[in-house]
Amino acid sequence: MRRVAQGDESALGVLYDRYARLVFSVSLNMIGNRQTAEEITLDIFTRLWEKSDTYQPRLAKVSTWLMSMTRNRTIDILRRENVRPSGHSLTWASVGEEAVSNENTEEEAYLTLEMERIRAAVAELPDTHQQVLALAFFAGYSHSEIASKLDLPLGTVKGRIRSGMRKLRALLATAPVAKDG
Amino acid sequence: MSEMNEQQIRDLLPAYALGILEEQEVSLIHSHLTDCQQCRAELADYQHVAELLPLASPQSDPDPELKEKLMERIAPITAREESERTHTSKLIVQPEAQLENPSLGEVIRSWLAGPIWRPVVLILIVVLLAGNIFLLTNTSEEPPSPQDRPNFPWRRPIIMSGTEVAPEAVGILYISLDGANGTLVVDGLPVLETDQQYQLWLNTEEIRDSGAVFSVNEAGYRGIELKAPLPLEIYETFGITIEPEGGSQAPTGERVLVYAGEEESNSD
């Protein structure tokens, strides 16, 4: 990131190689359209290039920073255009599905571990909880919007989000352990 | 919805971390978080979960040509930044053949001939110096001893502009490099009625926090240390409004000073 902030385009290329798949995947899962997801990916890395001098490593990893920007940008588009992709269902990755394509750096190895942990944790939630969490996180729906969409009582939706997040919090409470070998 | 008890607040923390609460609920939680360290710690756990959720998306690869498109897109940005750096260096470094021993006035004129922010910054520096001299000559307090005075580096200051309500007003936010400390300096604000005060708001797309509630002296000047529930550097826009004495949970009065973010500032 330091090199990016200094205007090193090759450093941006390295970050793109490392995180573009992740950014694109999140955006595609949220918006359901490849072309739009690719535009969002371009926007995110362009913004990273323009704002690299504001990045504070103490606050968050680069991946966290990128994910936050991706989610916010995609939700902005969903709300501004008042669209929800028709026929598109929000999904969680399966446990065992390929994570990052390589583990050349410490952060990539860390990402792989965290991907495996979060996927395993989400898989332990009841389907009903996974569904409301996906609508809340990936579509940015409020409690009332989810209740309306799923034709559920508002209290039920609030309870499922609350208990789902509490369970995830408990399952993810310990830091990832390095692989053996 | 007026108030919530502690349990109700804690029940909403997961949804707050997901960013899906209504504005009223967000405001109530912010007020509570200011004084509740336990809830702030619990919220941090839920925010960590929310940070990991994107990693649970199914993975897909973008078009292989996307990287090339990115490099083409940033090329004009890089060229523009390099052009600005070259222009700046030409203003500062005068060729010997054209200018020998430039006077102070010539140096100042060449510096002011640059981007519009330069004269603005120069005026602000003068205002701040004058304000500080005024404070030093009028305060009865002992200045802090060197070992008590905070000593941390500062970020680039954030300059707030006066609105129609207070067009002559100026505000500058100083945030330390580690984002943990901040100071607001305002000048030129009208002195308010005794039942009113100014309030600083710290904003992101999802959050609005109160950073300070204050009054100004007879000259419309005040320097005040900021307090916020979250690290100061996460906030993107800032505003100061007129509120009832003691402040409000959300802005209710006229806005007097505003910083709308880097994109709007750079679009001038």
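Position labels on residues start from 1 in each chain and follow its written sequence. For naming, the first written chain is A and the first written ligand is 1, with later ones following in the order written. This being a predicted model, a pLDDT of at least 70 is required before a residue's local features are given, and a value of 80 or more before pairs of side-chain atoms are given or counted; all residues contribute to the totals for chains, interfaces and linings. The side-chain values count all of the structure's non-hydrogen atoms but skip hydrogen atoms and water molecules.

A short note on the overall build of chain A
Condition: Helix and strand definitions here come from DSSP, where helices need a minimum of 4 consecutive H or I residues and strands a minimum of 2 consecutive E residues; each element is numbered from the N-terminal end. Summary of the burial criterion: residues with accessible area below 20% of their type's maximum are buried, those above 50% are exposed, and those between are partly exposed, where the area comes from a 1.4 Å probe applied to protein chains only. Any two residues whose heavy atoms approach within 4.5 Å are treated as being in contact. Per-residue and other accessible areas were derived by the Shrake-Rupley procedure at a 1.4 Å probe size, with only the shown protein chains allowed to occlude residues.
Per the secondary structure count, chain A includes eight helices and zero strands. Along chain A, from the amino end to the carboxyl end, the secondary structure elements read α-α-α-α-α-α-α-α. Evaluated residue by residue, chain A yields a buried proportion of 48% over its 181 residues. Taking all contacts inside chain A whose residues are at least 6 apart in sequence as the whole, residues at least 24 apart take part in 67%. In the structure as shown, chain A presents an accessible area of about 8,700 Å², 46% of it carried by carbon and sulfur atoms.

A few points about helix 5 (residues 106-123) of chain A
Here is the rule we go by: Working rule for helices: expected span equals 1.5 Å times residues minus one.
Between its first and last C-alpha, helix 5 of chain A extends 26 Å over 18 residues, near the 26 Å set by a 1.5 Å rise per residue. Buried residues along helix 5 of chain A sit against helix 2 (9-31), helix 4 (62-80), helix 6 (127-138) and helix 8 (154-171) of chain A together with helix 3 (37-52) of chain B.

Considering the packing of aromatic side chains
Rules: By convention, a stacked pair of Phe, Tyr or Trp rings (six-membered ring in the case of Trp) has centres within 6.5 Å and planes under 30 degrees apart, an edge-to-face pair has planes over 60 apart, and any other such pair is tilted. Lysine NZ or arginine CZ positioned within 6 Å of the ring centre and within 35 degrees of the ring normal marks a charge as sitting over the ring.
According to the stated counting rule, one finds four aromatic pairs over all chains in the structure shown. Geometrically, the ring pair formed by Phe238(B) and Tyr259(B) is tilted, given 6.1 Å between the ring centres and 40° between the ring planes. Of this pair, Phe238(B) sits in strand 7 (residues 237-244) while Tyr259(B) sits in strand 8 (residues 255-259); the two residues are 21 residues apart in sequence, bridging distant segments of the chain. In this structure, Arg169(A) packs its charged tip against the face of Tyr46(B), placed 5.2 Å from the ring centre.

Considerations on the packing of helix 8 of chain A against helix 3 of chain B
Put simply, the rule reads: Every angle, taken between N-to-C directions, lies between 0 and 180 degrees, and every axis is a line fitted to C-alpha atoms, over only the stretch in contact when it is a helix. Orientation categories follow fixed angle ranges, with anything under 35 degrees roughly parallel, anything over 145 roughly antiparallel, 65 to 115 roughly perpendicular, and all other angles oblique. Three classes are used: nonpolar for Ala, Val, Leu, Ile, Met, Phe, Trp, Tyr, Cys and Pro, charged for Asp, Glu, Lys and Arg, and polar for all others, with Gly counted as polar.
With their axes 9 Å apart at the nearest point, helix 8 of chain A and helix 3 of chain B run at an angle of 90° to one another. On the basis of the axis angle, helix 8 of chain A is roughly perpendicular to helix 3 of chain B. Along its contact with helix 8 of chain A, which presents Met165(A), Arg166(A), Leu168(A) and Arg169(A), the element helix 3 of chain B presents Glu42(B), Asp45(B), Tyr46(B) and Val49(B). When the residues that make up the contact of helix 8 of chain A with helix 3 of chain B are grouped by side-chain class, the tally is four nonpolar, no polar and four charged.

With respect to the packing of helix 3 (residues 34-51) of chain A against helix 4 of chain A
All names here are of chain A. As a reminder, the rule being used: Crossing handedness: left-handed means the near helix sits turned counterclockwise from the far one by under a right angle, and right-handed means the same turn made clockwise.
Relative to each other, helix 3 and helix 4 sit at 130°, their axes nearing to 10 Å. Between helix 3 and helix 4, the crossing angle belongs to the class labelled oblique. Taken as a pair, helix 3 and helix 4 cross one another with a handedness that is right-handed. Two secondary-structure elements touch here, helix 3 through Ile40, Asp43, Ile44, Arg47, Leu48 and Lys51 and helix 4 through Trp65, Leu66, Met69, Thr70, Arg73, Thr74 and Ile77. Residues that form the contact of helix 3 with helix 4 fall into these classes: seven nonpolar, two polar and four charged.

Considerations on the sheet that holds strand 1 (residues 158-162) of chain B
Residues and elements named next belong to chain B. Applicable threshold: At least two bridges found by DSSP between two strands are what make those strands a pair.
An order of 5-4-7-8-1-2-3-6 is seen for the eight strands of this open sheet, with the pairing classed as antiparallel. The open sheet is flanked by strand 5 (208-214) and strand 6 (222-225), the only strands paired with a single partner. With strand direction ignored, the average angle separating the axes of adjacent strands in the sheet is 20°. In the sheet, strand 1 pairs with strand 2 (residues 170-175) via four bridges, with the strands oriented antiparallel. Paired with Ser161 across the strands is Val170, a residue of strand 2.

As for the pairing of strand 2 of chain B
Residue and element names in this part refer to chain B. Relative to strand 3 (residues 182-187), strand 2 runs antiparallel, the two being bridged by six bridges. Residue pairing across strands places Leu173 opposite Leu184, the latter belonging to strand 3. Hairpin connection of strand 2 to strand 3: six residues between the antiparallel strands, including Gly179 at a positive phi of 75°.

Some details on the environment of Leu12(B)
The topology assignment puts Leu12(B) in helix 1 (residues 6-18). For Leu12(B), a relative accessible area of 9% translates into the label buried. Expressed as a C-alpha distance, the spacing of Leu12(B) and Glu25(B), which sit 13 residues apart in the sequence, is 8.3 Å. Ignoring sequence-local partners within four residues, the contact set of Leu12(B) consists of His143(A), Met4(B), Leu21(B), Glu25(B) and Ile29(B).

So, the pattern of salt bridges
This is how it is decided: Criterion for a salt bridge: a side-chain nitrogen of Lys or Arg within 4 Å of a carboxyl oxygen of Asp or Glu.
In this structure the tally under the stated criterion is eleven salt bridges over all chains. One salt bridge in this structure joins Arg21(A) and Asp61(B), with 2.8 Å as the shortest N-O distance. Residue Arg21(A) is found in helix 2, and its partner Asp61(B) is found in the loop between helix 3 and helix 4 (66-92); the two belong to separate chains. Taking the relative accessible area as the measure of exposure, Arg21(A) reaches 16% and is therefore buried. Via salt bridges that share partners, Glu39(A), Asp43(A), Arg73(A) and Arg73(B) belong to a single interconnected network.

Topic: helix 8 of chain A
Quick reminder: α-helices carry 3.6 residues per turn. Residues three or four places apart thus point the same way. Counted at 1.5 Å a residue, the expected span for helix 8 of chain A with its 18 residues is 26 Å, and the 26 Å between its end C-alpha atoms agrees. Those residues of helix 8 of chain A that fall on the buried side of the exposure criterion are Val157(A), Gly159(A), Arg160(A), Ile161(A), Gly164(A), Met165(A) and Leu168(A). Where helix 8 of chain A is buried, its residues contact helix 5, helix 6 and helix 7 (143-150) of chain A together with helix 1 and helix 3 of chain B.

Focus: the interface of chain B and chain A
It is common to report an interface's size as the accessible area lost on association of the parts. What counts here: Buried area: the sum, over both parts, of the accessible surface (1.4 Å probe) that disappears when the two are put together.
Chain B puts 49 residues into the contact, and the matching count from chain A is 61 residues. Of the roughly 5,100 Å² buried where chain B meets chain A, counting both sides, 59% is carbon and sulfur surface. Together, Ile20(B), Leu55(B) and Gln59(B) form the three largest contributors to the area buried by chain B at its contact with chain A, with a combined 14%. Summed over the shared surface of chain B and chain A, the result is six salt bridges. A salt bridge links Arg166(A) to Asp11(B), with the shortest nitrogen-to-oxygen separation between them at 2.9 Å. Looking at the side of chain B that touches chain A, the elements with two or more residues in it are helix 1, helix 3, helix 4 and helix 7 (262-266) of chain B. Residue contributions to the side of chain B that touches chain A peak at nine residues, all from helix 4 of chain B.

Some details on the confidence of the model for chain A
Residues and elements named next belong to chain A. Inclusion rule: pLDDT measures how confident the predictor is about each residue, on a scale from 0 to 100.
Taken as a whole, chain A shows an average pLDDT of 81; of its residues, 80% reach a score of 70 or greater. For chain A, helix 1 (residues 2-5) is the element with the lowest average pLDDT, namely 70, and helix 8 is the one with the highest, namely 94. With pLDDT under 50 throughout, residues 177-181 is counted as low confidence; its partners more than four residues away or in other chains account for six contacts.

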